[in-house]
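A structural walkthrough
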Amino acid sequence: MAALVLLRAGLAQPRGAQMALAGRTLLRRPAVLAAVADRSAPARQSHGAPQQGRGSSKAASLHWTSERAVSVLLLGLLPAAYLYPGPAVDYSLAAALTLHGHWGLGQVITDYVHGDTPIKLANTGLYLLSAITFAGLCYFNYNDVGICKAVAMLWSL
């Protein structure tokens, strides 16, 4: 294990490795680097079934496309909310805004939260936050003036 660390740090060379002098630095020849990488790196499976706990690339592509579709839908819903305010647009905005926020915060969790337990806690909190947000927006739409009219009232101040 210590030899592998020294190899990766460049402080040692594998048996039979030839060095080339370039200016003041010593460089390993690419063939030697490839041989070292083949021995030290774990085997990769490029084809076959996805591993446990990981989705397929088709699912990731569909998710990415869905995120873009929701973003474009929001771009269309904003003028529609101004021109045609009503319950259909209010509930569409509630769903699209909640989904857009949920996916965005999910990416923040993916990027910045590490460790099994913190990830599970953060995802649970995210699902609770998203459910409460959607329920609150639906409650506001049903029992009050709705999202469209509320924004119009804010603009008229």
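Just above, that's the structure.
Once a new chain begins, its residue numbering starts again from 1 and follows that chain's sequence as written. In view of the model being predicted, local features appear only for residues whose pLDDT reaches at least 70, and side-chain atom pairs are presented and counted only at 80 or more, with totals across whole chains, interfaces and linings using the full set of residues. The basis for every side-chain value is the complete set of heavy atoms in the structure, and neither hydrogens nor water enter the calculation.

Moving on: the nonpolar core. The criterion is simple. A nonpolar core is a set of buried Ala, Val, Leu, Ile, Met, Phe, Trp, Tyr and Cys residues joined through side-chain atoms within 4.5 Å. Only protein chains enter the calculation, and the probe is 1.4 Å; a residue is then buried if its accessible area is under 20% of its type maximum, exposed if over 50%, and partly exposed in between. Among the nonpolar cores identified, the biggest contains nine residues, and these are L74, L77, A81, V89, L93, A94, A96, I147 and C148. Per the convention used, a helix needs a DSSP run of H or I reaching at least four residues, while a strand needs a run of E reaching at least two, with both numbered from the N terminus. Breaking this core down by element, the ones donating at least two residues are helix 3 (57-83), helix 4 (87-112) and helix 6 (147-155). Among the elements that take part in this core, helix 4 stands out by supplying four residues, more than any other. Note on contacts: a residue pair is in contact if any heavy atoms of the two residues lie within 4.5 Å. Residues in contact with L93, not counting those within four places in the same chain, are L74, L77, L78, A81, T98, I147 and C148.

Here the focus is the packing of helix 3 against helix 4. Two packed helices can be described by the angle between their axes and the distance between those axes. Across the interface, helix 3 lies against helix 4 with an axial gap of 10 Å and an inter-helix angle of 140 degrees. If you check the angle between helix 3 and helix 4, you find them oblique. Viewed along their axes, helix 3 and helix 4 form a crossing whose handedness is left-handed. For the pair helix 3 and helix 4, the contacting residues are H63, S66, E67, V70, S71, L73, L74, L77, L78, A80 and A81 in the first and V89, S92, L93, A96, L97, L99, H100, W103 and Q107 in the second. Under this grouping Gly is polar, as are all residues other than the nonpolar Ala, Val, Leu, Ile, Met, Phe, Trp, Tyr, Cys and Pro and the charged Asp, Glu, Lys and Arg. A class-by-class count of the residues in the contact of helix 3 with helix 4 yields 13 nonpolar, six polar and one charged. Angles run from 0 to 180 degrees between N-to-C directions of axes, and those axes are lines fitted to C-alpha atoms, restricted for helices to the stretch in contact. Note on angle classes: values under 35 degrees are labelled roughly parallel, values over 145 roughly antiparallel, values of 65 to 115 roughly perpendicular, and the remainder oblique. A crossing counts as left-handed when the near helix is turned anticlockwise from the far one by less than a right angle, and as right-handed when that turn is clockwise.

Now for helix 6. For helix 6, the full list of buried residues reads I147, C148 and A150. Along the long axis of helix 6, the arc covered by the buried residues comes to 165 degrees, so they all point the same way. Packing partners of the buried residues in helix 6 comprise helix 3, helix 4 and helix 5 (116-143). Here the arc refers to the set of directions running from the helix axis out to each C-beta atom.

Attention now moves to the packing of aromatic side chains. Any pair of Phe, Tyr and Trp rings, taking the six-membered ring for Trp, is counted once the centres come within 6.5 Å. Such a pair is stacked with planes under 30 degrees apart, edge-to-face with planes over 60 apart, and tilted for the rest. Within the structure shown, the criterion is met by one aromatic pair. Residues Y82 and W155 carry aromatic rings whose centres are separated by 6.1 Å and whose planes lie at 55 degrees to one another, so their mutual orientation is tilted. Of the two residues, Y82 is situated in helix 3 and W155 in helix 6; the sequence distance between them amounts to 73 residues. Note on W155: relative accessible area 63%, which makes it exposed.

Here H102 lies in helix 4. Not counting chain neighbours up to four residues away, the residues in contact with H102 comprise L126, Y127 and S130.

The patches reported here contain residues having more than 30% relative accessible area and no salt bridge. Joining distances are 9 Å for like charges and 5 Å for nonpolar side chains (Val, Leu, Ile, Met, Phe, Trp, Tyr). The accessible surface values rely on the Shrake-Rupley method and a 1.4 Å probe; as for residues, cover is taken only from the protein chains in view. What counts as a salt bridge is simple: a side-chain nitrogen of Lys or Arg found within 4 Å of a carboxyl oxygen of Asp or Glu. Residues Y82, L83, Y84, V151, L154, W155 and L157 make up a contiguous nonpolar surface patch of about 940 Å² in total accessible area. Listed by contribution, the elements that provide at least two residues to the nonpolar patch are helix 3 and helix 6. Take the nonpolar patch: its biggest share by element is three residues, from helix 6. Residue classification places L154 among the exposed positions, given a relative accessible area of 58%.

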